[in-house]
Amino acid sequence: MSEVVSKFLFTLRRIVAEPLGAIGLILVIGMIFGAIFADLLSAHEPIRISPRDRFLEPSLVHFLGTDQLGRDLFSRVLHGGQIALSVALIAIAVSLIIGIILGLIAGYGPRWLDNLMILTFDAIKSYPTVMLALALVTLFGPSLTAVMIVVILVNVPGYARIIRTQTLALKSSQFVASAQSMGASTTRVLCIHILPNSIGPLLILASMDIPVVIAIEAGMSFLGLGVRPPTPSWGAILNDGFTAIRDTPWIAIAGGVPIILTTLGFTFLGETLRDIFDPRLKTRV
Amino acid sequence: MNVLEIQNLNVTFATEGSTLRALKNVSIDIPKRCIVGVVGESGCGKSTLINSILRLLPENGKIDAGTIKFEGHDLTKFDLSQMKTVRGSRISTVFQDPMSALNPVLSIADQMLHIQYRSKLRRKEKQEKSIEMLRRVRIPDPESALKRYPHEFSGGMKQRISIAMAMMMEPALLIADEPTTALDATLEVAIIDLLKELQSQIECSILFISHHLGLIAELCDQVIVMYAGEVLERGTAHQIFHDPWHPYSARLLECDPANQTSRTRQLPTIPGEIPDLKAIHKGCIFRSRCQYCEDICTTVPEEFGINGHFVRCHRKSQ
Amino acid sequence: MVSGDPKGSLDRFLMLIYSLKRLALAIAIVSVAMFLLFVMTYLIPGDPASVALGPRATEAMREALLVKMGLDQPVWVQFWNFFVNAWQGDLGNEILSNRPVAHVVLEQLPWTLALIAGGMIWSIALGIPLGCWTAVRRGGLTDRIIGVFSVAVIAVPSFVIAIYALLLFAVYLQWLPAIGAGNPNDFGDQLLHLILPSLAVGLGWVGYIARMVRASMLEVLEASHIRTARAFGLPDRLITYRYALSIAILPTVTLLGVGIGQMLSSAVFAEIVFARPGVGKLVYDAILTRNYPLVSGAVLVTTALFIIINLFADLIIGYLDPRVRSRF
């Protein structure tokens, strides 16, 4: 156990040694902290409407001001962080599970299935993301579920491809062949020999997808296709601010700046992690 | 009269935490119309020597001391723009691997025209000159060859093209960096003949670098033996090959596969490894591998020479 | 060894085979994409007719629309009709005005294409010089600053950039017009209206291209043919641009197709933020009015467009890189 701790501390030190890594870490920790303790940190309820307090400028009472319904923006921003974070984590976890399973099937299964799956992945990838999102939303109606399905559809092909490539490479390798010759079952070979070898780069890439997912959620909520009002989401706040951008710019600032800081934070952190663990991935865009 | 006179050249590379001493007190003379060969194992500083002459050293490399006199001017005093006027016009180079020495996305014509960018000739004349050069290196159908791309030629043909490019501006000095190493033995002879022929026509000097002793013996007028960044012995080809003074030169000749008279399963090698150039060495650089090593060898041997035959070894100078 | 001419014509023949193979693959991908789109619409709870009509529709209205949309037929017939019609360019009629979907979408497409072209111009015009510049001066302060800038514009979503660009340049500074596509009869005015939205669309790819060009430039500058060029004393500019960049640009060209796809996504936001006409605005409005055939038709058209562009990018590489040209 202490080995894990020391390894973690070592990684942490290497992250902080890079200026961008340190900035990213601070932003990410701040964002997570704000999301977890949103209720404690904000004196106001994120969805309480108060017609008397409409369009208040930032003040000591309302740190970020209020919106067109008199809701406290600081509280909405913190609670919006909860939404962004949970969507990102849940959607990526589900994509990872599905992607790993499909990738193993494609890599280990028969050739025709592999070809068919690759063709399907390419087809899914060939939808422009927003168009796919728009199509799904027409059918599901605006909801967080729709957002998650979009994210899963967008991410799974990439994850599955990585696992497939690694599986194909390992399938023919010596140690998998020897495991098979000793009578190990297919499932056992997959779980014990192939998966641990391919999971590392996959996790790094998945962590780098977090800001992308946050951007998708915010974007769909901005279009009114994500969260339903009055649930707070950064995209929704940005949309509120956008409609009143000339007179009350602070609403647009309150909605947009968290998106910028969070995506930057996760990206800086992800890039630093990638450089530390797997410099080979550097050339990948 | 010498085209190139290198005197006491010292080159170091800054590496993490230490300096690597790549060349130490290297002195070389290349007379006019003379072919000078440099032999030595890989890592002996042959490439660094070329890169120092052309000022193509990597960023961490530095000329610490010494002069490189070319046609009367000290190249180490030249700034980069002056160097550029020398490169390609007065000193040309043929590199080792013809597969990667030519630009893959530019046609032969483009590359040959670019080399003539200083020339006042018109485009048409430059083109004709290129075709003429290709003909001289015996590229079949030079007009259409000009329109092709490097990958469309075989290795031997590419090396002929490289030579054509290098000779086109009629340089005073041609540096040939192992020009035949990447080629088959049969092609090797043809390339060497070609080099000789063009050399006598253009009347340039050649600095020929190779680890192939047979080639050096056949082609070169003078030979320089390098080891671990130092010149151990220099002289005429006859002197070096028939009466090697330095133990290292003698071992090199013994180890040359061409000199094997009896059938053997194992090629003879010189025991030991090239010393670590990051460490500080006292005395003779070859000491650790030398079979005649004595107490005196812990001091640096002075260069000793008669009749143009020079050596750095205490055994000779005593 | 090469002699005579047959190799050239052989190259061309192989290139043709390669192009045909890529074309076949593209058609297969479009077909699968169509199939998936169809499956998606079919699997979703609630049939498109009730989705389109909304909750207050009567059963009779629903039945009528089902028949009209051909949804009363067996599923495989539906798919076959959809498939055949789509390949013939018939994407059905939209619900509100009953006009052909293909017609409506193609009418809006030029606006979106102009926006993407603008974004492309921004990203190439800024990205390639930045990438080259930082590669030649790597390790310096400007290299680091531009590096952080590149990551930042890649990370920040384009719609946020669009809104803040609007806030800064159109609302506060008032340098550029805020909304609309400009006077239809005034080309200059239209260009002026294109500047901000296309920058918002292209800025992310400025970062991508700068990074990619920098990375591949660094690789190419190490190559031995560059050393040869230096040894021949060629001018730096010639070496950087003709000898190095012409190779370093190739990986970027293959990814331009992907870039156009992403810009298409950004264009949807830009059209909504800047209130410009275009396919994105069309689909957005269609969703609000539950005009389902229009949405699926627009998705299909943009997807096909994206696949065609990618095909094109792949084929262009063949003409830019003589090595690839002869390999296939």
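Source: prediction; values computed, not measured.

Enquirer: Explain the overall build of chain B to me, and be specific about the residues and the numbers.
Expert: In terms of regular secondary structure, chain B is built from twelve helices and twelve strands. For 318 residues, the compact-globule formula gives about 20 Å, and the C-alpha radius of gyration of chain B, at 21 Å, lands near that figure. The burial tally for chain B puts 54% of its 318 residues in the buried class. Within chain B, counting contacts between residues at least 6 apart in sequence, those at least 24 apart form 65% of the total. Approximately 14,400 Å² of chain B is accessible, and the part contributed by carbon and sulfur atoms is 49%. Across chain B, the centroid of the 38 positively charged side chains sits 4 Å from that of the 38 negatively charged ones.

Enquirer: Could you give an account of the overall build of chain C, with specific residues and numbers?
Expert: Within chain C, the regular secondary structure consists of 14 helices and zero strands. Helices and strands in chain C line up, N terminus first, as α-α-α-α-α-α-α-α-α-α-α-α-α-α. Across the 328 residues in chain C, those meeting the buried criterion constitute 53%. Here the analysis covers contacts within chain C between residues at least 6 apart in sequence; of these, 71% occur between residues at least 24 apart. Accessible area for chain C stands at about 15,100 Å²; split by element, carbon and sulfur atoms hold 67% of it.

Enquirer: Can you lay out the domain arrangement of chain B for me, pointing to particular residues and giving the numbers?
Expert: All names here are of chain B. What the domain assignment lists for chain B is domain 1 (2-90 + 169-317) and domain 2 (103-168). With 22 residues of domain 1 at the contact, the number on the domain 2 side is 15 residues. Both sides together, the interface formed by domain 1 and domain 2 hides about 1,600 Å², and carbon and sulfur atoms give 64% of it. Summed over the three residues of domain 1 that lose the most area to domain 2, namely Met169, Leu194 and Leu198, the buried surface amounts to 39% of that side. Linking domain 1 with domain 2 are one salt bridge, by the criterion used here. Between glutamate 197 and arginine 138 there is a salt bridge whose closest N-O contact spans 2.6 Å. Our count for the contact surface shared by domain 1 and domain 2 stands at eight residue pairs in polar contact (both at pLDDT 80 or more).

Enquirer: Lay out the interface of chain C and chain A in plain terms, naming residues and giving numbers.
Expert: Listed by partner, the interface residues are 50 residues for chain C and 44 residues for chain A. Summing both partners gives a buried area of about 4,300 Å² for chain C against chain A, and 83% of it is carried by carbon and sulfur. Summed over the shared surface of chain C and chain A, the number is one salt bridge. Its salt-bridge partner being glutamate 271 of chain A, residue arginine 211 of chain C comes within 2.8 Å of it at the nearest N-O pair. One can count eight residue pairs in polar contact (both at pLDDT 80 or more) joining chain C with chain A. The dominant element in the side of chain C that touches chain A, judged by the number of residues it contributes, is helix α1 (residues 6-43) of chain C, at ten residues. Taken together, the residues that form the side of chain C that touches chain A break down as 43 nonpolar, six polar and one charged.

Enquirer: Can you tell me about helix α6 (residues 141-155) of chain C, naming the residues and giving the values?
Expert: The end-to-end C-alpha distance of α6 of chain C, which contains 15 residues, comes to 21 Å, matching closely the 21 Å that a straight helix rising 1.5 Å per residue would cover. Check the buried side of α6 of chain C and you find it contacts α11 (249-277) of chain A together with α5 (101-136), α7 (158-172) and α8 (187-221) of chain C.

Enquirer: Tell me about the arrangement of the chains, and please be specific about residues and values.
Expert: Contacts are most numerous between chains A and C, taken over all two pairs of chains that touch. Nothing in chain A touches chain B; the tightest C-alpha to C-alpha distance between them is still 19 Å.

Enquirer: Describe the interface of chain C and chain B, with residues and values.
Expert: Quite often, the size of an interface is put as the accessible area lost when its parts meet. Chain C puts 27 residues into the contact, and the matching count from chain B is 35 residues. Together chain C and chain B conceal approximately 2,700 Å² of surface at their shared face, both sides included; 60% is due to carbon and sulfur atoms. Counting across the interface, chain C meets chain B through four salt bridges. A salt bridge links arginine 242 of chain C to aspartate 110 of chain B, with the nearest nitrogen and oxygen atoms 3.5 Å apart. Where chain C touches chain B, the interface holds ten residue pairs in polar contact (both at pLDDT 80 or more).

Enquirer: Can you tell me about the packing of helix α1 (residues 2-17) of chain A against α11 of chain A, naming the residues and giving the values?
Expert: The geometry of a pair of packed helices is captured by two quantities: the angle between their axes and the separation between those axes. Residue and element names in this part refer to chain A. At their nearest, the axes of α1 and α11 sit 10 Å apart, and the two run at 120° to each other. One element, α1, and the other, α11, form an angle in the oblique class. As α1 runs across α11, the sense of the crossing is right-handed. The residues of α11 that touch α1, namely those facing Thr11, Arg14 and Ile15, are Leu269, Thr272, Leu273, Ile276 and Phe277. Looking at the contact of α1 with α11, its residues break down into five nonpolar, two polar and one charged.

Enquirer: I'd love a proper account of the environment of isoleucine 83 of chain A, names of residues and values included.
Expert: Residues and elements named next belong to chain A. Relative to the assigned elements, isoleucine 83 resides in helix α4 (residues 73-108). For isoleucine 83, a relative accessible area of 13% translates into the label buried. Considered as a pair, isoleucine 83 and arginine 14 are 69 residues apart in the sequence and their alpha carbons are 30 Å apart. Contacts of isoleucine 83, omitting those with residues within four sequence positions, involve Leu144, Glu217, Val227, Thr231 and Pro232.

Enquirer: Give a detailed account of the packing of helix α10 (residues 234-243) of chain A against α11 of chain A, specifying residues and quantitative values.
Expert: All names here are of chain A. Viewed as axis vectors pointing N to C, α10 and α11 meet at an angle of 145°, and their least axial separation amounts to 7 Å. Both α10 and α11 take part in a crossing whose hand is left-handed. Listed contacts from α11 to Trp234, Gly235, Ile237, Leu238, Asp240 and Gly241 of α10 are Ile251, Ala252, Ala254, Gly255, Gly256, Pro258, Ile259 and Thr262. Looking at the contact of α10 with α11, its residues break down into eight nonpolar, five polar and one charged.

Enquirer: Residue-level account of the sheet that holds strand β6 (residues 91-94) of chain B, with values.
Expert: All names here are of chain B. Strand order across the open sheet formed by eight strands is β6-β7-β8-β3-β9-β10-β12-β11, with mixed pairing between neighbours. Of all strands in the sheet, those with a lone pairing partner are β6 and β11 (304-306), marking the two edges. The average angle at which neighbouring strand axes cross in this sheet is 15°, direction not considered. In terms of strand pairing, strand β3 (residues 35-39) meets strand β9 (residues 222-227) through four bridges, oriented parallel. Note that in β9 the partner of valine 38 across the bridge is isoleucine 224.

Enquirer: Could you give an account of the pattern of salt bridges, naming the residues involved and the relevant values?
Expert: Under the definition given, this model contains 27 salt bridges over all chains. We note a salt bridge from glutamate 143 of chain B to arginine 135 of chain B, for which the minimum N-O separation is 3.3 Å. Through salt bridges with shared partners, one network takes in Glu271, Arg274 and Asp275 of chain A together with Arg211 of chain C.

Enquirer: Can you tell me about the sheet that holds strand β5 (residues 73-74) of chain B, naming the residues and giving the values?
Expert: All names here are of chain B. With antiparallel pairing, four strands are arranged side by side in an open sheet as β2-β1-β4-β5. Two strands bound the open sheet, and with one partner strand each, they are β2 (18-31) and β5. Pairing analysis gives two bridges linking strand β4 (residues 61-70) to β5, with the strands arranged antiparallel. Bridge pairing in β5 links phenylalanine 70 to histidine 73. Sitting on the sheet, helix α1 (residues 46-54) touches β1 (2-15), β2 and β4, and the angle it makes with β1 is about 110°.

Enquirer: Any details on helix α4 (residues 75-87) of chain C? Residues and values, ideally.
Expert: The terminal C-alpha atoms of α4 of chain C, which comprises 13 residues, lie 18 Å apart, in line with the 18 Å expected from a rise of 1.5 Å per residue. Positioned one or two residues after α4 of chain C, glycine 89 of chain C has a phi angle of 90°, which is positive.

Enquirer: Describe the packing of aromatic side chains, listing the residues and the values that go with them.
Expert: Applying the stated rule across the entire model yields 14 aromatic pairs over all chains. Between phenylalanine 35 of chain C and phenylalanine 79 of chain C, the ring centres sit 5.2 Å apart and the planes meet at 85°, which makes this aromatic pair edge-to-face. With a gap of 44 residues between them, phenylalanine 35 of chain C in helix α1 and phenylalanine 79 of chain C in helix α4 connect regions that are remote in the sequence. Take phenylalanine 79 of chain C: its relative accessible area is 17%, and that puts it in the buried class. Ring geometry for tryptophan 80 of chain C against phenylalanine 83 of chain C: centres 6.1 Å apart, planes inclined by 20°, an arrangement best described as stacked. With a gap of three residues between them, tryptophan 80 of chain C and phenylalanine 83 of chain C both fall in helix α4, about one helical turn apart. Cluster of aromatic residues (ring-pair linked, three or more members): Phe222 and Phe242 of chain A together with Phe159 and Phe269 of chain C. It is arginine 234 of chain B that lies over the ring of phenylalanine 310 of chain B; its NZ or CZ is 4.5 Å from the centre. Positioned over the ring face of tyrosine 292 of chain B is arginine 315 of chain B, at 3.9 Å from the centre of the ring.

Basis of the calculations
Residues numbered from 1 in each chain as written. Chains lettered and ligands numbered in written order. Predicted model: local features only at pLDDT ≥ 70, side-chain atom pairs only at ≥ 80, totals over all residues. Heavy atoms only, no water. Helix = DSSP H or I, 4+ residues; strand = E, 2+ residues; numbered from the N terminus. Rg over C-alpha atoms; globule rule 2.2 N^0.38 Å. Buried < 20%, exposed > 50% of the residue type's maximum accessible area, 1.4 Å probe, protein only. Contact = heavy atoms within 4.5 Å. Areas by Shrake-Rupley, 256 points an atom, 1.4 Å probe, with all protein chains shown as cover. Lys, Arg positive; Asp, Glu negative; His and termini not counted. Charge placed at Lys NZ, Arg CZ, Asp CG, Glu CD. Domains from an automatic or database assignment. Buried area = accessible area lost by both parts, 1.4 Å probe. Salt bridge = Lys/Arg side-chain N within 4 Å of Asp/Glu carboxyl O. Polar contact = N/O pair within 3.5 Å; in protein donor to acceptor, adjacent residues only side chain to side chain. Nonpolar A, V, L, I, M, F, W, Y, C, P; charged D, E, K, R; others polar. Expected span 1.5 Å × (residues − 1). Axes fitted to C-alpha atoms, helices over the stretch in contact; angles between N-to-C directions. Parallel < 35°, antiparallel > 145°, perpendicular 65-115°, else oblique. Left-handed = near helix turned anticlockwise from the far one by under 90°. Pairing = 2+ DSSP bridges. Phe/Tyr/Trp six-rings, centres within 6.5 Å; stacked < 30°, edge-to-face > 60°. Lys NZ or Arg CZ within 6 Å of the ring centre and 35° of its normal.

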